[in-house]
Structure formats: C-alpha cells, structure tokens
Amino acid sequence: FDPDFATYRLTDEHQMLRAAVRELADDKIAPRAAEIDQSSEFPYDVLEALTKADFHATHIPVAYGGLGADSVATAIVIEEVARACASSSLIPAVNKLGTMPVILSGSEELKKEVLTPVAAGEAMFSYALSEREAGSDAAAMRTRAVAEGDSWVLNGTKAWITNAGVSSYYTVMAVTDPSAGAKGISAFVVHKDDPGFSVGSKERKLGIKGSPTCEIHFDNCAIPASRIVGEPGTGFKTALATLDHTRLTIGAQALGIAQGAIDASIAYMKQRQQFGRPIADFQGLQFMLADMVMQTEAARQLIYAAAAKAERGEPGLTWYSASAKAFASDVAMKVTTDAVQLFGGAGYTQDFPVERMMRDAKITQIYEGTNQINRMVIARQILK
Ligand code: CAA
Ligand code: FAD
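Calculation notes
- Residues numbered from 1 in each chain as written.
- Chains lettered and ligands numbered in written order.
- Predicted model: local features only at pLDDT ≥ 70, side-chain atom pairs only at ≥ 80, totals over all residues.
- pLDDT = per-residue confidence, 0-100.
- Near = placed C-beta within 6 Å.
- Nonpolar A, V, L, I, M, F, W, Y, C, P; charged D, E, K, R; others polar.
- Helix = DSSP H or I, 4+ residues; strand = E, 2+ residues; numbered from the N terminus.

1. Topic: the confidence of the model for the protein
Moving on, step 1. Scored by pLDDT, the protein comes out at a mean of 97, with 98% of its residues at no less than 70.
Moving on, step 2. Overall fold confidence for the complex sits at a pTM of 0.98, while the interface term, ipTM, reaches 0.99.

Take a look at the structure:
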C-alpha cells in the first residue's frame, strides 16, 4: 500500500505562488481595500499591479499567451487577493468566468482573437447569463440572437453583470431558437465597441463595491458570425459547464474573505484588553476562534479538492464545485459575522476591516447560483 501523500499537500510551486500573491496583496491591495469600498470605484491601480505580476488571468492557456496555470493555482490567486480585498479578487475570478466558455467550447480562431488580449492584460472579460426575470431559472432568458447574413444580431438586456463597463469582452447567452427551450440557447462573444451595445448604470450594493455590477443592453447589436461560441443550441450547456469550473473559484473568494477576518481577529484578540487581560485569554472567544479556523480550513480543503478534480477532468465536478462554493460561502458568512462579534463595538465601525468583510461575504452566498440552487444541483446529481 503506497498512499499518494502528494494529494494532501500543495506543490512547492503552489506554495511559492501563494507567497508571491500574498506579498503583492499585503503591499498593494490591503492598504487600498477600505478606500475602494468607500469610494465604490473600480481599482484600476490594483488591476495594473495584478497585470504587471501576471496574476490577472493566470488560467489562460500558454498557446494564447497566458501562464496556463492549473485550477488550484488560480484558486490560490483568487483566495489571496480576496483575503485583502474581495472586490479586487473579482478581477482574476471574472476573467476566468468570462473566458471559460471560449476555452471550453470556442473555435481556435475565436480563442486566438479574444483570449490573447486578456492574457496580455489589454482586456477584461465578463459573463452574461442572468436577466431580471431569469436569475435562478437561467434558461428562461429572453435576450434574442438572430442570424442575418454574416452576422448575429442581438436584442435584449442582461442584468447583474460583474465588471460591466470595465471589461472589453462579454460572453453572452441568448436565445437562437425560442421553440427549443434550453437547447435553443447559444453563446456569443460581444465586444464593448460593437454597434448597439451599451452598459447601464451601476447597482448600489451592500458589498463588493469596487466591482461594478450593471445591466448591459443590446439594441440591434450586430456581431460577426465567427463570434458564436461552439454550435448554435449548445450555449446553455457551455454556460453550466463553465460554472462547474468557476463555482469553486467563488468558493476561493469566500475562503479568502474568511481568512482575512480570522487574521484580523487574532491580531485584535491579542491586543485588546478587558478585565486586565487580553480578550484572547477568554475561553468563550477562544472557542469561537477555533470554530472559525476549523470551518475555514475544511472549506479550503474542499475547494482545492474540487480544483484538482477540475484539472484532472474527473466526473462529479458539478456537485463537488457546487459544494465547495456553497460550503465556503456559508463559512465565510458565519466567520465574518463572528469576527465582528469578537471585535465588539469596534467591529461595527469602519475603523476595522471586519464589517466590510461581513458585507462582502454575503454576495458569495448569492451569485454563481444561490446556495439554494447549488444545493439543488448537488442533490440532483447525487440522486441521479
Ligand atoms: N454541464 C453541462 N451540461 C449541463 C450541466 C452541467 N453542469 N448541468 C445541466 N446540464 C445540461 C442538462 O443535461 C440539460 O441538457 P439535456 O436536456 O440535453 O440533458 C441542460 O443542460 C439543461 O439542464 P437542466 O434541465 O438541469 O436545466 P434547468 O433549467 O432545470 O436549470 C439550473 C438548471 C441548475 C437551475 C441552472 O439554471 C442554474 O445553475 N441556475 C443558476 C444560475 C447561475 O448559477 N447563474 C450564475 C450567473 S454568473 C454570476 O453569478 C457571476 C459571478 O459570480 C461573478
Ligand atoms: P431569484 O432567482 O429571484 O431567487 C430569489 C430567491 O428564491 C433566492 O433565495 C433563491 O435561492 C430562491 N429560489 C429560486 N428558485 C428556487 C428553487 N428552485 N428552489 C429553492 N429556492 C429557489 N449574473 C451573471 O450572469 N453574470 C454576472 O457577472 C453576475 N454578477 C452578479 C453580481 C452581483 C453583485 C449580483 C447580486 C448578482 C450577479 N449575477 C450575475 C446574478 C446572480 O447570479 C443572480 O442574482 C442569482 O443567480 C440569483 O438570481 P435572482 O437574483 O434572480 O434570484
């Protein structure tokens, strides 16, 4: 019997990558996080720092000028950026979400055209599945795409699009055959300069305020026929197969937020004195901290296991990735709420980062499928 112990530890390369991202995040991102939250402005300086270090889209294959980093590595990048600033972690996370449909199903020509500028740091990529009336029930979308000569012409509105207005490219799921249900949905790449494309106003949100969320509109938006992703009618499957790879990265974002809250809590517990001693001496708080660490580490292991599964192309990724996302986001919500409690009154103020982390954690239970939908996805696959 020769157990594969390598399964249970990160490679030296992964550990070096973590150290490098953490150094950059501590130096360039953490000091900006409170300001990014308060101003609700997209952090172009963080984008520049991530791009310079090649951490903005590590997953793009080498053939298109990327680093070709594996899924575990990309999760680590997102986790470490989120530990400092959840808004900033949506730069690598949504670059992966937006490009994944093209990586999974796009033609070679389309891959070359749209992945290369993302790898080079010249463009960002968003993902547009949701609509106002089609969120959890994504297949109920109304946005239409019609073939006209050498073009596809899009009409409709997508809602809640992360990094809209900042991204140059958008993967857009639209109905090409209204009589065919989910099999009548196709995926397209739209560029911000395409005629008839426009971005709506920014949503005013509870958290992740440095990442713009907007509607995007298509008004007779004509794009070249070559910008379809895969065959007509395969767009919904491509959209869901993408989420199999990226729900775990939202898990990584949640994990980073939880770790940030734990690190802040440890420092505060040692320094804050009540009843003549550090509050870290009180067993009531020690037990809270122990639970926070225990649950966060369990989330970490599930996320890395899901990422390793994605990398190996193993079956079962759908429920594994949904589990990683749902578990880690529930943990992040609990851990950040407990962190605010550990800080007492100070935790409720903007003088410390934990209230921001608590607000940022909430979205991880909602997007890339609410945790109810993710539990439904898990149960459906297990019962099948
Ligand atoms: N991979 C590939 N194909 C899949 C699949 C997967 N993981 N899951 C299902 N399919 C296929 C099915 O096999 C089916 O095809 P056949 O009919 O040929 O068998 C087809 O897709 C339709 O599947 P369902 O019948 O299961 O579809 P449904 O309408 O019941 O809905 C759902 C499924 C799971 C509820 C889905 O709509 C869903 O995941 N909803 C949540 C939406 C979501 O996650 N949105 C995220 C938006 S992105 C975001 O939020 C951004 C951000 O984080 C920054
Ligand atoms: P609804 O579907 O209206 O859900 C309302 C409630 O009903 C929820 O609690 C839900 O869990 C529950 N519910 C619904 N159906 C069921 C069911 N069958 N069983 C049990 N409970 C159910 N989308 C994109 O495409 N691209 C993006 O970049 C993107 N970014 C986002 C960024 C932010 C900040 C936000 C808020 C959303 C973003 N979304 C994005 C959309 C997000 O994926 C949806 O909000 C999410 O999928 C839920 O859809 P909904 O808001 O319409 O909620």
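2. Overview of the site of ligand 2
Moving on, step 1. Neighbouring ligand 2 are 20 residues; G135, S136, T162, T370 and Q372 lie closest to it.
Moving on, step 2. Of the residues contributing to the shell around ligand 2, the split by class is 10 nonpolar, nine polar and one charged.

3. Some remarks on the site of ligand 1
Moving on, step 1. What surrounds ligand 1 is a group of 23 residues, the closest being A139, L240, Y367, E368 and G369.
Moving on, step 2. At the level of elements, α5 (86-105), α7 (235-271) and α11 (371-383) are the ones that each hand at least two residues to the shell around ligand 1.
Moving on, step 3. If one sorts the elements of the shell around ligand 1 by residue count, α7 sits on top with seven residues.
Moving on, step 4. Here the residues of the shell around ligand 1 sort into 15 nonpolar, five polar and three charged.

4. Regarding unusual backbone geometry
Moving on, step 1. A positive phi is found at S40, a non-glycine position, where the angle reads about 55 degrees.
Moving on, step 2. Relative to the helices and strands, S40 resides in the loop between α2 (33-39) and α3 (44-52).
Moving on, step 3. One non-glycine residue, W160, lies in the positive phi region at around 65 degrees.
Moving on, step 4. Summarising the element assignment, W160 is placed in strand β3 (residues 151-162).

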